[in-house]
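Descriptive structure summary
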Amino acid sequence: MGIHIPYITSKASPSNDSDGDSVVLSNDHESPMKSVKLTSETHEIQRAPAGDEEDRIQIKPVNDEDDTSVMITFNQSISPFIIILTFVASISGFLFGYDTGYISSALISIGTDLDNKVLTYGEKEIITAATSLGALITSIFAGTAADIYGRKRCLMGSNLMFVIGAVVQVSAHTFWQMAIGRLVMGFGVGIGSLISPLFISEIAPKMIRGRLTVINSLWLTGGQLVAYGCGAGLNYVNNGWRILVGLSLVPTAVQFTCLCFLPDTPRYYVMKGDLKKASEVLRRSYTDTSEEIIDRKVEELVKLNHSIPGKNVPERVWNTIKELHTVPSNLRALVIGCGLQAIQQFTGWNSLMYFSGTIFETVGFKNSSAVSIIVSGTNFIFTLVAFFCIDKIGRRTILLIGLPGMTMALVVCAIAFHYLGISFDGTSAVVASGFSSWGIVIIIFIIVFAAFYALGIGTVPWQQSELFPQNVRGVGTSYATATNWAGSLVIASTFLTMLQNITPAGSFAFFAGLSCLSVVFCYFCYPELSGLELEEVQTILKDGFNIKASKALAKKRKQQVVRVQQLKYEPTEEVIEDI
Ligand SMILES: O[C@H]1[C@H](O)[C@@H](O)[C@H](O)[C@@H](O)[C@H]1O
């Protein structure tokens, strides 16, 4: 059985030229282990010898953490153990979706159950926003906590928050108790939203890491769909919203129980110096792999662990923050990571997630929760489409299809709301013309909006970890996740007020404007990263956003993957390609 590791060289500055890149693929046909030795000798980008190749950077066939994982995964399918770990970690994605999703119908069915009066728009906003606020707070610290206490323990801690939050809400008879319960639940959501993709990315074989991360998004949007479905079913049940909240305890309990029997990630064990445990997890994950390769992987993780400077945790965190802001490629990664998360929130999707029940009621639909199911169902289905497209078509392309589509749908909604004519009297909305065909136009284009959203900006920002090199990944993704929750908080706490003050037409026009600006941001700042090694991402971001070069490189990498697959079982001397 031959395992072939391609040695790839490419231009130092990808912006220099997009067609002249020469790429060298060589397959070691004597011994796969020889390849391992060669790759592990250096982890860094190296200058090639002077002369013709002066301006080349040798990019190792692997990224900063995975040279052996290329070996390990090359000829191997995903193991059941990795599937179980991914499944259990993504329950956090489900809880994220369920807990942010049920509030839309709960707000309708809560009626006068809290303080014996109908909730005002302001109170509805506080109840909704409390979860985003809680999530914002914990997402800031979750990256660091995961390094100190472990990913698994953080996830278990989030389970505890989910339980406390749910119990406080289920027993709530006052507005404030409900808001506090939502806040505590938010603590759990914030931790889970960061740790789950991080956990998956650390245990996933490199070759399918992107897709496994989208699985978390699938669970997330699936969780929202289930919440809407249950919400619709419990709409007319007395205290139905309490059952809706209580149901969230089921997945929490499942995740907690499973985590009791599962290990943490190999990277975490290496950080804690427990190399035996790290090898054990790797061995269970890569069942066909030799002891020697497992040892190399552990060795490599140890090296990476030492690459974070600092004698103690606070010093290491501080140095990481410094490095995140002072290294130009890291700073660009931060701009992209936070920028995409901000766009995801400020283009208004969650105003629909949180308040679609209220919006559809406003335009005259009786069973508004049922309509909301169609919207979140569209979100789920198009996340599935993104799952298949994200590597094939590319992240940048799906973003540049999704965002203009969203802009168009938002403009149509703004026009339709304008002609529908809505006024507000403090706790409810009055439609001037009664239910009309404009109401149908609004529903249709909200569904179109959902489809374009899920295809691109709903999914791509959660690929954030690929933007950052390993030593700043935790803090970088914490910043990006916190941006997500800050945006979610702003939307949740202002949307209904916005509807009242600048009208629904104005609110949708505002989102359309932001969506249009986002197209410009992505067009100029978001390079194509599909199929690129993490080292290459750093190279791309080194002296600019290098869009043109990134597209050329991504295309080339795709062709190489096909080529290497063709060569898999036919050892060759050396393949030199000029694409
Ligand atoms: O990616 C997710 C997804 O798009 C959800 O539908 C949305 O509610 C979240 O805020 C977002 O982060």
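Residues numbered from 1 in each chain as written. Predicted model: local features only at pLDDT ≥ 70, side-chain atom pairs only at ≥ 80, totals over all residues. Heavy atoms only, no water.

So, on to the overall build of the protein. When helices and strands are counted, the protein shows 21 helices and 7 strands. Of all 579 residues assigned to the protein, the portion counted as buried reaches 59%. Restricting to contacts in the protein with at least 6 residues of sequence separation, those with at least 24 account for 80%. (Helix = DSSP H or I, 4+ residues; strand = E, 2+ residues; numbered from the N terminus. Buried < 20%, exposed > 50% of the residue type's maximum accessible area, 1.4 Å probe, protein only. Contact = heavy atoms within 4.5 Å.)

This next bit is on a nonpolar patch on the surface. On the surface, V237, I243, L247, V250 and V254 cluster together into a nonpolar patch covering about 370 Å² of accessible area. Elements with a contribution of two residues or more to the nonpolar patch: α8 (240–247) and α9 (249–261). If you trace the backbone, L247 turns up in helix α8. (Patch = residues over 30% accessible without salt bridge, like charges linked within 9 Å, V, L, I, M, F, W, Y side chains within 5 Å. Areas by Shrake-Rupley, 256 points an atom, 1.4 Å probe, with all protein chains shown as cover. Salt bridge = Lys/Arg side-chain N within 4 Å of Asp/Glu carboxyl O.)

Looking now at the environment of G357. For G357, the position within the fold is in helix α15 (residues 349–362). Sequence separation of G357 and L107 is 250 residues, and the distance between their C-alpha atoms is 8.0 Å. Setting aside residues no more than four positions away along its own chain, G357 makes contact with S104, I108, S368 and S372.

Looking now at helix α19 (residues 470–525). A rise of 1.5 Å per residue sets the reference length of α19, with its 56 residues, at 82 Å; its end C-alpha atoms lie only 22 Å apart and thus fall more than 12% short of the reference. Largest kink in α19: about 110°, centred on I502, with the proline P504 one to four residues after it. (Expected span 1.5 Å × (residues − 1). Bend = angle between axes of the 7 residues up to and from the residue.)

Right, let's talk about the packing of helix α5 (residues 151–170) against helix α6 (residues 175–203) for a bit. At a minimum axis distance of 8 Å, the contact between α5 and α6 shows a crossing angle of 155°. Classified by the interaxial angle, the pair formed by α5 and α6 is roughly antiparallel. As for how α5 packs across α6, the hand of that crossing is left-handed. (Axes fitted to C-alpha atoms, helices over the stretch in contact; angles between N-to-C directions. Parallel < 35°, antiparallel > 145°, perpendicular 65-115°, else oblique. Left-handed = near helix turned anticlockwise from the far one by under 90°.)

In this structure, T383 sits in helix α16 (residues 368–392). Using a relative accessible area of 2% as the deciding quantity, one classes T383 as buried. The residues contacting T383, other than those within four sequence positions of it, are V214, S217, L218, T221, A454 and T459.

In low-pLDDT regions, the fine details of the predicted coordinates are not to be read closely. This prediction gives the protein a mean pLDDT of 80; 79% of its residues lie at or above 70. Confidence, read as mean pLDDT per element, is least for strand β2 (residues 22–26) in the protein (30) and greatest for α9 (98). Confidence over residues 1–76 falls short of pLDDT 50; this stretch has 208 contacts with residues more than four positions distant or in other chains. At the level of chain-chain contacts, confidence expressed as ipTM amounts to 0.98, with global pTM at 0.81. (pLDDT = per-residue confidence, 0-100.)

Another aspect to go through is the nonpolar core. Among the nonpolar cores identified, the biggest contains 101 residues, and Y102, L340 and F417 are the most heavily contacted of them. For this core, the element with the highest residue contribution is α19, accounting for 16 residues. Excluding its chain neighbours within four sequence positions, the residues that come into contact with L340 are L399, I457, V460, P461, F521, C522 and Y526. Counting residues in each nonpolar core, the second largest holds 31 residues, with A142, L212, Y268 and Y286 among its members. (Core = buried A, V, L, I, M, F, W, Y, C linked by side-chain atoms within 4.5 Å.)

Now for the site of the ligand. Taken together, 13 residues are adjacent to the ligand, and Q224, Q344, N350, Y453 and G458 come closest. Notes on the ligand: free accessible area 300 Å², of which the protein chains cover 98%. Elements with a contribution of two residues or more to the shell around the ligand: α7 (209–234), α14 (328–346) and α15. With 3 residues, α15 is the largest single contributor of residues to the shell around the ligand. (Near = heavy atom within 4 Å.)

This structure, assessed with the given rule, holds 18 aromatic pairs. Here Y268 and Y269 contribute two aromatic rings whose centre-to-centre distance is 6.1 Å and whose plane-to-plane angle is 55°, an arrangement assigned as tilted. Its relative accessible area of 7% is what places Y268 among the buried residues. Taking the centre distance of 4.7 Å and the plane angle of 15° together, the rings of W349 and Y453 count as stacked. Of the two residues, W349 sits in helix α15 while Y453 sits in helix α18 (residues 437–455), which places them 104 residues apart along the sequence. For W349, a relative accessible area of 1% translates into the label buried. You can call Y453 buried: its relative accessible area is 5%. Over the face of the ring belonging to F387 we find R211, whose NZ or CZ atom lies 4.9 Å from the ring centre. (Phe/Tyr/Trp six-rings, centres within 6.5 Å; stacked < 30°, edge-to-face > 60°. Lys NZ or Arg CZ within 6 Å of the ring centre and 35° of its normal.)

Right, let's get into the packing of helix α4 (residues 121–149) against α15. A pair of packed helices is characterised by two quantities: the angle between their axes and the separation of those axes. For the pair α4 and α15, interaxial distance at closest approach is 11 Å and the crossing angle is 155°. In terms of orientation, α4 lies roughly antiparallel with respect to α15. Crossing angle aside, the handedness with which α4 passes α15 is right-handed. Contacts between α4 and α15 involve Y121, K124, E125, T128 and S132 from the former and Y354, F355 and T358 from the latter.

Another aspect to go through is unusual backbone geometry. Residue T503 is not a glycine yet carries a positive backbone phi of 70°. Counting through the fold element by element, T503 comes out in helix α19. Accessibility expressed as a relative area gives 36% for T503, which makes it partly exposed. Positive phi outside glycine occurs at N546, with the angle close to 45°. By the secondary structure assignment, N546 is in the loop between α20 (534–540) and α21 (547–567).

This next bit is on the pattern of salt bridges. Tallying each qualifying case throughout the model produces 7 salt bridges. As a salt-bridge pair, R151 and E202 come within 2.8 Å of each other at their nearest N and O atoms. Taken together, the residues R151 in helix α5 and E202 in helix α6 connect sequence positions 51 residues apart. E202 matches R151 in its accessibility class, with the two residues each being buried. We note a salt bridge from E291 to R283, for which the minimum N-O separation is 2.6 Å. Taken together, the shared-partner salt bridges in this structure form one network comprising R151, E202 and R267.

Okay, the side chain of E528 next. Of note, E528 is situated in the loop between α19 and α20. For the buried E528, no salt bridge exists, and the shortest N-O distance to an oppositely charged side chain is 5.3 Å, to R395. Only 3.1 Å separates the side chain of E528 from the backbone nitrogen of R396, close enough to count as a polar contact. In this structure E528 touches I393, G394, R395, R396, T397, S550, K551 and A554, once residues within four positions along its chain are discounted. (Lys, Arg positive; Asp, Glu negative; His and termini not counted. Polar contact = N/O pair within 3.5 Å; in protein donor to acceptor, adjacent residues only side chain to side chain.)

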